[in-house]
Each structure stands twice: as C-alpha cells, then as structure tokens.
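Read off the chains here:
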Amino acid sequence: MGIVRYISIVAMPIVILLIIANALKEKVAIFDIFLKGAKDGIEIVFKIFPTLVGLFVAIGMLRSSGVIEFIISIISPITNFFKFPNEILPLAMLRPISGSASMAVATDIIKNNGVDSFIGILASVIMGSTETTLYTIAVYTGSVRIKKTRFILVASLLADITGILVSIWVCRYFF
Amino acid sequence: MLNILWPIFIIISIVYAVISGNIENLNNSIFESAENVVEFSISLIGLTCLWSGIMEIATNTKMIDYLCKILNPIIKVLFPNLKENNTTKKNVMMNIIANILGLGNAATPLGLKAMDDLQRENKKKDALSDNMMMLIVLNTASLQLIPTTVLAIRSSLGSENPSIIIFPVWIATICAAIVGIVATKIIINMTNKKRS
C-alpha cells in the first residue's frame, strides 16, 4: 500500500520535472510554449462541453428513472456468482462503445459511491486503463475502408476484459 | 453510435420512470445534471490546460526523439516487418508516443496517417495487415502514462488524493496490453497459416 501510494503520488510531478528539466537543457522559451499549449486546453474542454451536457443528462435520467438499477438487478445473479461489483456494470458496458458516455457514467458512479470509496476508486482505475475499443476499431478500419478485420475485435475485447478484471483485483488487493 | 444510443437512453428512461412512478425524480435529475456538467467542465479546464501546456513543452523539445529511441526495440518486436527509417514507421511511433503522453487529439490523426501508410504496403487491400492489427490493438489499449481525464474527474469530485489510482491504472493497462498483444500475435499466426 505504501509503495503504491508513493509511486502514484510521485508519478505526475516526476513527469513534469523530466519534461521541464529537458526543456531547460535545450534552452527553449519554456513558459511561452507552455502558454501556447495551455490555451489549447480551453478549446478541448469547450469542444466536448455540448457532448458532455447531452450525455450527463441522459445518464442522469437513466439513473434517476431506475433503469440502471433494473438492469443491474437482472444481471446481478451472474455477476454475483463471479463476485463482480454490480455498481460498475454500466461503466463496463458503455466503456468500449463511447468515450464521452463512459465519462458521464464513470462520473455518475464515482459521485454516487464516494470518490475515495472502493467503488469510486475502482471506477476510476477502469476508466483510466481501458479505451473506447469499438469506436477505435471502427474509426481505424473505416479510414482505410477495410471490411475483413481478422478477429481484431476478439483480441481488443479480450484486452478490455483483462483490464477490467485486473482493475478489480488490484483495487481489492490495495484498497 | 451516439445517434442511436442517446435517444434510446432518454426514451427508456422516461418510459420506465412513468411506469415505475419515478417521473418526479427523473424530472429533477434533468435540471441537476445539466447544472452539474457546468461545474464539472469548469474544473476540467484547469487540469486539461495544465497538461496540454506541459505536453506542448515535451513535443517542442527532443523528448520525442528520446522516447522514439527507447521504444524502438519494442516496436521491432511488435511490428517485425516494418522497414527501418521510413515515414510509415515514424507515423506508427508518433501515434504510440502521442497515446503514451495522453495527447488524444494528436494521437488519432497520427494513427490514421499510419493506417494509410500501412494500407499502401498492404498486399491484400480488403483485409487488415499484420501491422495494422497490432497498431489497432495498441490504440485500444489505453497506454496513457498519466490518466489526466480521470484525475480531473476525481479532483473535481473532491477526492482527498486524486493521484492514488495512477499505479493501479498502470498495472491494469500493462496486463490488458500484454493480453491484447499476445492475442493479436496468435490471431496473426493462425489466420496466416490458414491463408497459405
């Protein structure tokens, strides 16, 4: 636990230190470059804002209407058998399909269970260690107009499932 | 995808809420969510700006060249039939580095450029080549060094220690990537044998 916590805490400062130390060595105008990049950050958030509004409202409706609870209650006999935490089911289901929808769902789960609770941390780890697999495959194969994908979906989904299972295991072990 | 999912979400929510008598809850949640997303996005701006600023510094220095050198042996194993020093290899590498640094906006265009290059070298134009499969699997593996979006979500929700998830994320990512790569290698071998 101590080491995990320590590595997690030093990771970001060390990456920042390496980048800045390297830039100093190369004698570039560090702060000017920083400002140029930081300005793009505003644009990134502005661009996804409408998407987030749509999805936060839709996910909020799914939860408040009781649909999420209903779906969980149907699947829970299976997930309970595998000792899979029910709360993260909606995230596991949406994560491969849509980045912004899974962001909305993850935020919803983290908020409702407590950001530093086991489920809150687990949802964060899953969100950080998986990708929008189906979307990525669609964009990459679509860009070169290829239809024969040679089971790439199987490999990618296996990776996703591994990511989720390892996340559960790691969280149970460390937190 | 969202053109299908989004209306489904909304319609089943409303229908279910009416049936189960939760309509008041649902109505309140519409206002609450729309309001929350503003607060959430504003707290996202801070970390997103900081990180894109830091990454702008990284991309404007020779940092990228160092990373290329470190990655080269791994790339050779993952993409055994990529030729040395051509633009295809460079685009593949830049895509992977952009993913590692969390430059989502830059990673996808680079990846698509690499796909284009790989398609030119592809002998069967209607099927993914071995290299293309590996590139796609790596792009679905979330190789990000610092998962900034989740960190921003956590800090905006008032976590006492947003960073605590970084090391667990690394472990999960590495395991997922290894499984993805091994599965891809197995599929490549199996489908190539069947073809020849």
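These numbers were taken from a predicted model, which means no experiment stands behind them.

## Description of the overall build of chain A
- For chain A, the helix and strand inventory stands at 8 helices and 0 strands.
- Ordering the α and β elements of chain A from the N terminus gives α-α-α-α-α-α-α-α.
- What you see for chain A is a C-alpha radius of gyration of 20 Å, clearly larger than the 16 Å of a compact globule of 175 residues, by over 25%.
- Taking all 175 residues of chain A together, the buried fraction comes to 53%.

## Some thoughts on the overall build of chain B
- Check the secondary structure of chain B and you find 8 helices and 0 strands.
- Walking chain B from its N terminus toward its C terminus, one meets helices and strands in the order α-α-α-α-α-α-α-α.
- Relative to a compact globule of 196 residues, whose C-alpha radius of gyration would be 16 Å, chain B shows 22 Å and is clearly more extended.
- Buried residues in chain B amount to 49% of all 196 residues.
- Taking the contacts inside chain B whose residues are at least 6 apart along the sequence as the reference set, 56% of them involve residues at least 24 apart.
- For chain B, the exposed area adds up to about 9,600 Å²; of that, 64% sits on carbon and sulfur atoms.

## A word on the pattern of salt bridges
- A complete count under the given rule lists 8 salt bridges over all chains for this structure.
- With a closest N to O distance of 3.0 Å, Asp 116 of chain A and Arg 154 of chain B form a salt bridge. In this pair, Asp 116 of chain A is assigned in the loop between helix H5 (99–113) and helix H6 (118–129) and Arg 154 of chain B in helix H7 (residues 148–156), connecting two distinct chains.
- Assessed through its relative accessible area of 35%, Asp 116 of chain A is described here as partly exposed.
- One salt-bridge network, held together by shared partners, links Asp 116, Asp 117 and Arg 120 of chain B.

## Some thoughts on the side chain of Ser 102 of chain A
All names here are of chain A.
- With respect to the helices and strands, the residue Ser 102 is situated in helix H5.
- Among the residues examined, Ser 102 registers a relative accessible area of 0% and is labelled buried.
- Discounting chain neighbours no more than four positions away, the residues touching Ser 102 are Leu 91, Leu 94, Arg 95 and Met 127.

## Structural notes on the nonpolar core
- Residues Met 55 and Phe 79 of chain B are the most contacted members of the largest nonpolar core, which totals 113 residues.
- Of the residues forming this core, the biggest block, 13 residues, is contributed by helix H2 (residues 30–65) of chain A.
- If you count residues domain by domain, this core takes at least three from each of domain 1 (1–58) and domain 2 (62–195) of chain B.
- With residues near it in sequence (within four places) discarded, Phe 79 of chain B still touches Val 92, Ile 96, Asn 131, Met 134, Leu 135 and Leu 138 of chain B.

## Comments concerning the interface of chain A and chain B
- Contacts between the two partners involve 94 residues from chain A, matched on the other side by 103 residues from chain B.
- Between chain A and chain B lies a buried interface of about 8,200 Å² when both sides are counted; carbon and sulfur atoms form 77% of it.
- Three residues, Met 12, Tyr 140 and Arg 150 of chain A, lead the burial of chain A against chain B; their summed loss comes to 11% of the area buried on that side.
- Our enumeration of links across chain A and chain B arrives at 4 salt bridges.
- Across the pair Asp 130 of chain B and Arg 150 of chain A runs a salt bridge whose closest N-O atoms are separated by 3.0 Å.
- Elements with a contribution of two residues or more to the side of chain A that touches chain B: helix H1 (2–25), H2, helix H3 (67–81), H5, H6, helix H7 (133–143) and helix H8 (152–174) of chain A.
- The leading source of residues in the side of chain A that touches chain B is H2 of chain A, at 27 residues.
- Split into classes, the residues belonging to the side of chain A that touches chain B amount to 55 nonpolar, 27 polar and 12 charged.

## Quick look at the domain arrangement of chain B
Residue and element names in this part refer to chain B.
- The domains assigned to chain B are domain 1 (1–58) and domain 2 (62–195).
- Measuring from the centre of the C-alpha atoms in domain 1 to the corresponding centre in domain 2 gives 29 Å.
- Contact between domain 1 and domain 2 buries roughly 840 Å² in total, counting both sides, with carbon and sulfur atoms accounting for 80%.
- Counting across the interface, domain 1 meets domain 2 through 0 salt bridges.
- Run the count over domain 1 and domain 2 and you get 0 residue pairs in polar contact (both at pLDDT 80 or more).
- A class-by-class count of the residues in the side of domain 1 that touches domain 2 yields 6 nonpolar, 1 polar and no charged.

## Notes on a nonpolar patch on the surface
Residues and elements named next belong to chain B.
- Among the surface-exposed residues, Ile 174, Ile 178, Val 182, Ile 186 and Met 190 lie close enough to one another that they form a single nonpolar patch of about 490 Å² accessible area.
- Along the chain, the position of Ile 186 falls in helix H8 (residues 166–195).
- Looking at Ile 186, the relative accessible area reads 46%, which means it is partly exposed.

## Some remarks on the side chain of Ser 167 of chain A
- Tracing the backbone through its elements, the reader meets Ser 167 of chain A in helix H8.
- In contact with Ser 167 of chain A, other than residues within four places in its own chain, are Leu 122, Val 125, Ile 126 and Ser 129 of chain A together with Ala 172 of chain B.

## Considering the packing of aromatic side chains
- Inspection of the entire model under this criterion finds 7 aromatic pairs over all chains.
- With centroids separated by 5.1 Å and ring planes inclined at 40°, the aromatic side chains of Phe 56 of chain A and Phe 40 of chain B adopt a geometry described as tilted. In this pair, Phe 56 of chain A sits in helix H2 while Phe 40 of chain B sits in helix H2 (residues 23–59), so the two residues belong to two different chains.
- Judged by relative accessible area, which is 5%, Phe 40 of chain B ranks as buried.
- With centroids separated by 5.4 Å and ring planes inclined at 20°, the aromatic side chains of Trp 169 of chain A and Tyr 173 of chain A adopt a geometry described as stacked. Linking Trp 169 of chain A with Tyr 173 of chain A, this pair stays in helix H8, spanning 4 residues, or about one helical turn. No difference in accessibility class separates Trp 169 of chain A from Tyr 173 of chain A, as the two residues are exposed.

Conventions adopted
Residues numbered from 1 in each chain as written. Chains lettered and ligands numbered in written order. Predicted model: local features only at pLDDT ≥ 70, side-chain atom pairs only at ≥ 80, totals over all residues. Heavy atoms only, no water. Helix = DSSP H or I, 4+ residues; strand = E, 2+ residues; numbered from the N terminus. Rg over C-alpha atoms; globule rule 2.2 N^0.38 Å. Buried < 20%, exposed > 50% of the residue type's maximum accessible area, 1.4 Å probe, protein only. Contact = heavy atoms within 4.5 Å. Areas by Shrake-Rupley, 256 points an atom, 1.4 Å probe, with all protein chains shown as cover. Salt bridge = Lys/Arg side-chain N within 4 Å of Asp/Glu carboxyl O. Core = buried A, V, L, I, M, F, W, Y, C linked by side-chain atoms within 4.5 Å. Domains from an automatic or database assignment. Buried area = accessible area lost by both parts, 1.4 Å probe. Nonpolar A, V, L, I, M, F, W, Y, C, P; charged D, E, K, R; others polar. Polar contact = N/O pair within 3.5 Å; in protein donor to acceptor, adjacent residues only side chain to side chain. Patch = residues over 30% accessible without salt bridge, like charges linked within 9 Å, V, L, I, M, F, W, Y side chains within 5 Å. Phe/Tyr/Trp six-rings, centres within 6.5 Å; stacked < 30°, edge-to-face > 60°.

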